[in-house]
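Breakdown of the fold
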Amino acid sequence: MEGDMVVTRFAPSPTGHLHIGGARTALFNWLFARKHNGKFILRIEDTDRQRSKEEYVKDIIEALKWLGLLWDEGPIFQSQRLDYYNSIVERLLKEGKAYYCHCDPEELEKKRKEAIARGEKPRYDRRCRDLGLGPAPGAVVRIKAPLTGTTQFKDIIKGVITVNNEDLDDIIIMRSDGTPTFHLAVVADDIDMGVNYVIRGDDHLMNTPKQIIIYQALGEPIPNYAHIPLILGPDRTRLSKRHGAMPVLAYRDMGYLPQAIINALARLGWSYGNQERFTVQELIEKFSLERVGKSASIFDAEKLLDLNGWHIRNSSDDYLAKELIPFIKKLGIEDVTEEDTRKLVPILKKRSKTLVEMAEKSLFYFGMDVEYEKEADEKFLTPDVLDLLIDLRNRLNELSEFSEKALEELFIKFLDDHKIKLKEIAQPIRVALTGKTVSPGLFEVMQALGKEKVIYRLNRAIEHIRSKK
RNA sequence: GGUCCCAUCGUCUAGUGGUUAGGAUACCGGCCUCUCACGCCGGCGGCAUGGGUUCGAAUCCCAUUGGGACCGCCA
């Protein structure tokens with residue numbers, strides 16, 4: 001081991017998009033490494049050439065980068081380390097810890113099915129174990145698992161796990177095509193890279209004894225294990241492509257902030273007293289494996305939405321102004337600038353739970369004309385407010401500075417002169433300026449729009465009402 | 001079927017023998033108010049079941065039930 005330095009890794013196989021479950025495993029590894037000033041390695045487990053796809057490698061890397069889960073080493077591709085795995089298997093063979101097996105795979109498969117049908121444990125009968133066979137076409141290499149005793153390890157989250165070695169199998173560590181299997185590659189790599197904390201989904205809990213046997217055969221110390229509970233779909237079954245396993249990047253496109261995703265994922269299985277909302281920095285400071293729960297959880301999209309709203313509210317205007325631009329462009333406003341979004345963000349950040357929502361709410365700002373919602377038009381743009389709107393237009397026309405304070409003062413006088421309350425005229429003004437009955441505060445809207453647009457839109461509303469007579 | 005893991009409001013969770021079982025979200029009501037949000041206040045709602053241990057159990061033990069994972073030349 002490399003002294004006391006914590007070394008963790010995230011080791012996805014590129015057979016699908018990075019989804020919530022994988023992202024959380026990556027997050028816990030990353031947080032733990034950061035917390036302890038350790039090293040976080042990204043390793044791509046692509047020994048299955050059939051199912052591994054380049055596009056998924058790209059997706060995983062892009063998603064991790066977007067989330068800000070940056071690695072200190074890698075990405076390391078297992079497919080490029082075949083020689084290394086070979087040397088490990090070679091060594092095991094030489095030391096009599098592993099052996100060639102010439103059994104016919106189809107026959108084995110048949111036996112397995114029969115065993116299951118009989119209600120027995122399907123397991124290799126170890127027929128080749130002591131035959132001293134050599135390499136041959138179609139031969140695989142199996143590990144010699146201990147026949148008696150127990151294999152035990154202390155999991156940081158699950159506690160002591162004990163299995164009887166009788167229940168273990170002589171698993172294949174090298175396929176007939178010379179490529180290593182998952183278990184061999186994982187152990188060989190973790191040893192080579194100095195990984196001393198294996199933090200992974202608890203679907204690997206039962207794989208751990210098998211891997212420990214490989215460590216033991218190699219005479220290497222086993223790492224610390226932390227098997228984190230799985231994230232389940234709404235139907236309480238394992239998250240998969242079919243239900244609810246949305247790619248992480250889909251959340252980006254839906255207007256979620258990476259900080260919010262991180263916050264939500266961290267609180268899935270991990271807790272810190274009654275605190276629900278965390279910045280990434282706080283998570284690094286407060287994270288610990290001891291506070292990870294044992295039971296599986298369901299990902300709650302509602303809670304993520306709430307958290308996203310909070311992170312938006314607590315993000316800087318500058319940051320949001322930048323992030324918002326592509327979402328507004330997506331709505332067809334091609335020439336939106338940061339100057340525009342800087343005006344919009346402060347008045348929209350308290351009322352938006354996603355950037356998509358914020359973009360939609362921004363629409364009132366663009367262009368000169370607004371389209372009146374039918375009901376809003378009928379209810380509020382009525383002849384009885386005509387004189388008020390005309391007077392307001394005249395007064396605003398006199399105003400040189402469209403600051404919130406100046407506008408407010410102007411309104412106080414305007415309302416006073418007409419002996420009315422803001423409540424009575426607010427909605428007609430709102431509809432005139434935005435076309436809608438719902439918008440940010442009137443003064444905020446006017447300030448953002450600026451004098452030219454405000455006067456223009458008031459004039460247009462005035463004409464529109466006149467045309468109704 | 002075997003092995004292993006898990007079990008507190010719908011959901012995420014706090015809780016480690018003595019609490020009116022707390023918080024968050026969602027939902028409902030109210031306040032604030034130029035609409036909508038934000039914010040604040042209140043409400044609804046939970047210890048899977050049965051046995052033990054104990055003066056006392058959400059908490060410890062056992063069983064049952066339920067859920068999950070693994071049992072591949074997938075990872």
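To keep things clear, this report deals only with the structure shown in the data block. (Residues numbered from 1 in each chain as written. Chains lettered and ligands numbered in written order. Predicted model: local features only at pLDDT ≥ 70, side-chain atom pairs only at ≥ 80, totals over all residues. Heavy atoms only, no water.)

**Observations concerning helix α16 (residues 404-418)**
Counted at 1.5 Å a residue, the expected span for α16 with its 15 residues is 21 Å, and the 21 Å between its end C-alpha atoms agrees. At its buried positions, α16 is contacted by α15 (386-398), α17 (422-434) and α18 (442-466). Phi for Lys419, located one or two positions after α16, is positive at around 55 degrees. (Helix = DSSP H or I, 4+ residues; strand = E, 2+ residues; numbered from the N terminus. Expected span 1.5 Å × (residues − 1). Contact = heavy atoms within 4.5 Å.)

**Remarks on the pairing of strand β3 (residues 73-77)**
As defined by bridge partners, strand β2 (residues 39-44) adjoins β3 across three bridges and the pair is classed as parallel. Looking at β3, one finds that Ile44 is bridged to Phe77. In this view, the connection linking β2 to its parallel neighbour β3 by way of helix α2 (residues 54-67) has right-handed handedness. (Pairing = 2+ DSSP bridges. Right-handed = clockwise from strand over helix to strand, strands pointing away.)

**A word on the packing of aromatic side chains**
Applying the stated criterion to the full structure yields 13 aromatic pairs. Ring centres of Phe153 and Tyr225 lie 5.6 Å apart, and the angle between their planes is 65 degrees; this geometry places the pair in the edge-to-face category. One end of the pair, Phe153, is in strand β6 (residues 150-155); the other, Tyr225, is in strand β10 (residues 224-228), and 72 residues separate them in sequence. A relative accessible area of 4% places Phe153 in the buried class. Ring pairs connect the aromatic residues Phe28, Trp270, Tyr272, Phe278 and Phe287, which therefore count as one cluster. (Phe/Tyr/Trp six-rings, centres within 6.5 Å; stacked < 30°, edge-to-face > 60°. Buried < 20%, exposed > 50% of the residue type's maximum accessible area, 1.4 Å probe, protein only.)

**What about the sheet that holds strand β4 (residues 98-101)?**
In spatial order, the strands read β4-β5-β8; together these three strands make up an open sheet with antiparallel pairing. Lying at the two open borders of the sheet, with one neighbouring strand each, are β4 and β8 (172-174). Neighbouring strand axes in the sheet, compared pairwise and without regard to direction, differ in orientation by 45 degrees on average. The pairing of β4 with strand β5 (residues 140-143) spans four bridges and is classified as antiparallel. The residue of β5 that forms the bridge with Tyr100 is Val141. Contacting β4, β5 and β8, helix α3 (residues 82-94) crosses the sheet at an angle of about 125 degrees to β8. (Axes fitted to C-alpha atoms, helices over the stretch in contact; angles between N-to-C directions.)

**Overview of the pairing of β6**
Taking every second residue as pointing to the same face, the buried face of β6 carries Thr151, Phe153 and Asp155, while none of Thr150, Gln152 and Lys154 on the other face is buried. As defined by bridge partners, β6 adjoins strand β7 (residues 159-164) across six bridges and the pair is classed as antiparallel. The residue of β7 that forms the bridge with Lys154 is Val160. Counting the residues between successive antiparallel strands, the hairpin from β6 to β7 contains three residues.

**Regarding unusual backbone geometry**
Most peptide bonds take the trans form, and the phi angle of most residues other than glycine is negative. The residue Asn37 is not glycine, and still its phi comes out positive at about 55 degrees. Residue placement: Asn37 occurs in the loop between α1 (20-35) and β2. Overall, the relative accessible area of 67% leaves Asn37 in the exposed class. Although it is not a glycine, Lys419 sits at a positive phi angle of roughly 55 degrees. Within the secondary structure, Lys419 is located in the loop between α16 and α17.

**Looking at the protein's contact with RNA strand B**
Near RNA strand B, the surroundings consist of 65 residues, among which Arg175, Gly269, Glu276, Arg430 and Ser439 are the closest. Put simply, 71% of the atoms of RNA strand B that lie within 4 Å of the protein are in sugar or phosphate. In the model, a phosphate oxygen of RNA strand B is placed 2.9 Å from a nitrogen or oxygen of the Thr47 side chain. Asp48 is positioned such that a nitrogen or oxygen atom in its side chain is 2.9 Å from a sugar or linking oxygen of RNA strand B. (Near = heavy atom within 4 Å. Polar contact = N/O pair within 3.5 Å; in protein donor to acceptor, adjacent residues only side chain to side chain.)

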